[in-house]
Amino acid sequence: MHPFFQELQQGSQKLGLSLSDEALALLLKYQDALVLWNKAYNLTAIRDPKEMLVKHLLDSLSILKDLPTGRLLDVGTGGGMPGMIIALCQPERSCVLLDSNGKKIRFLKQFIADLKLTNVVAVQTRVENQDTIDELGQFDVITSRAFASLTDFVDAARPYLHEQSIIAAMKGLIPVEEMEELKQEFSCKVIELHVPRLDEQRHLLLLQRI
């Protein structure tokens, strides 16, 4: 058994999730690959696997039960957070992971190939690239934990939205002023998240066109 298996299992249960042993094993395979590639490619500033478990895996898992269903786009996915983690836990969901960083997308493509994952693809491109917008089309859910600014994320997501699309933004503190700027166009539901062993504020913002 993986040395972090029980820790991940307990953490996910505290988040109200009942993940299968298979899903937990996949998540740990992903973390192991991230640790390995990180030595050469600098995919994430977090080096310690124990810290990764909390700040990458459990942090990404914390949005899972509040995430609307449907085809998902993860913008600025980096090393695959939260998009890859969602894809591993929800094999029935189609996921596209998008980032402009070639090293990070190379890592994700290799991991997808090694595990023969069929519900997730990684695309190296800029989110505003018109060819990408035309090719990928529209999504039911658009997520990100990379954008510093909520308004920037919403602007980036716009071309990928249909009438019912939900923008799911992962945030630390609630960006009250930016929500105020968007309130004429988007309704916003704020969900407070509690990540086990993380003593920092976390929120999920679900935005939908009015």
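Our subject is the structure that appears above.
What this report covers is the structure whose coordinates are included nearby.

Rules and cut-offs
Along every chain, residues carry numbers that run from 1 in the direction the sequence is written. Since the coordinates come from a predicted model, pLDDT governs what is reported: local features require at least 70, and pairs of side-chain atoms require 80 or more to be given and counted, while whole-chain, interface and lining totals use all residues. The side-chain numbers reported here are obtained from all heavy atoms of the structure, hydrogens and water having been left aside. Between buried and exposed lies partly exposed: a residue is buried under 20% and exposed over 50% of the maximum accessible area for its type, with that area taken using a 1.4 Å probe on protein chains only. Secondary structure follows DSSP: runs of H or I at least 4 residues long count as helices, runs of E at least 2 residues long count as strands, and numbering of each begins at the N terminus. Here the rule is simple: two strands pair whenever DSSP picks up at least two bridges between them. Pairing of N or O atoms within 3.5 Å defines a polar contact, subject to two protein rules: one partner must be a possible hydrogen donor and the other a possible acceptor, and residues neighboring in sequence count only if both atoms are side-chain atoms. A contact between two residues is defined here by any heavy atoms of the two lying within 4.5 Å. Only the contacting stretch of a helix is used when fitting its axis, a line to C-alpha atoms as for every element, and angles between N-to-C directions run 0 to 180 degrees. Note on terminology: angles under 35 degrees are roughly parallel, angles over 145 are roughly antiparallel, angles of 65 to 115 are roughly perpendicular, and the others are oblique. Note on convention: the crossing is left-handed when the near helix lies turned anticlockwise from the far helix by less than a right angle, right-handed when the turn is clockwise. Three classes are used, and their members are as follows: Ala, Val, Leu, Ile, Met, Phe, Trp, Tyr, Cys and Pro are nonpolar, Asp, Glu, Lys and Arg are charged, and the others, Gly among them, are polar. By definition, the crossover connecting two strands over a helix is right-handed if that path, from the first strand to the second, turns clockwise as seen with the strands pointing away from the viewer.

### Remarks on the pairing of strand β7 (residues 202-209)
Extensive coverage of β7 is indicated by the burial of six of its eight residues. With six bridges connecting them, strand β5 (residues 161-171) and β7 associate as antiparallel partners. Across the sheet, Lys 171 pairs through a bridge with His 203, a residue of β7. By the bridge criterion, eight bridges tie strand β6 (residues 186-193) to β7 in an arrangement that is antiparallel. The residue of β7 that forms the bridge with Val 190 is Leu 205.

### Quick look at the side chain of Asn 119
Mapped onto the secondary structure, Asn 119 falls in the loop between α5 (102-115) and β3 (120-124). Looking at Asn 119, its side chain comes within polar contact range of the main-chain oxygen of Ala 87, at 3.1 Å. Reaching out from Asn 119, the side chain makes a polar contact with the backbone oxygen of Arg 93 at a distance of 3.0 Å. Discounting residues that sit within four places of it in the chain, Asn 119 has contacts with Ala 87, Gln 90, Pro 91, Arg 93, Ser 94 and Cys 95.

### A look at the packing of helix α2 (residues 21-41) against α5
It is at 11 Å that the axes of α2 and α5 come closest, and there the two elements cross at 140°. Taken together, α2 and α5 sit at an angle that is classed as oblique. The handedness of the crossing between α2 and α5 comes out as right-handed. Residues Leu 26, Lys 29, Tyr 30, Ala 33, Leu 34, Trp 37 and Tyr 41 of α2 pack against Lys 103, Arg 106, Phe 107, Gln 110, Phe 111 and Leu 115 of α5. Across the contact of α2 with α5, the residue classes tally to nine nonpolar, one polar and three charged.

### Concerning the packing of helix α1 (residues 5-14) against helix α3 (residues 49-61)
At their nearest, the axes of α1 and α3 sit 11 Å apart, and the two run at 35° to each other. Crossing handedness for the pair α1 and α3: right-handed. Residues Glu 7, Leu 8, Gly 11 and Ser 12 of α1 pack against Lys 50, Leu 53, Leu 57, Leu 58 and Leu 61 of α3. Looking at side-chain class alone, the contact of α1 with α3 contains five nonpolar, two polar and two charged residues.

### Let's talk about the pairing of strand β2 (residues 95-99)
The buried count for β2 comes to five of five residues, which makes it a mostly enclosed element. Alternating residues of β2 divide into Cys 95, Leu 97 and Asp 99 and Val 96 and Leu 98, and every residue in both groups is buried. With respect to chirality, the unit in which strand β1 (residues 72-75) leads through helix α4 (residues 83-89) into the neighbouring parallel β2 is right-handed. The sheet contact formed by β2 and β3 spans five bridges and is parallel. Looking across to β3, one finds that Cys 95 is bridged to Val 120. What joins β2 to β3 is α5, and the crossover it makes is right-handed.

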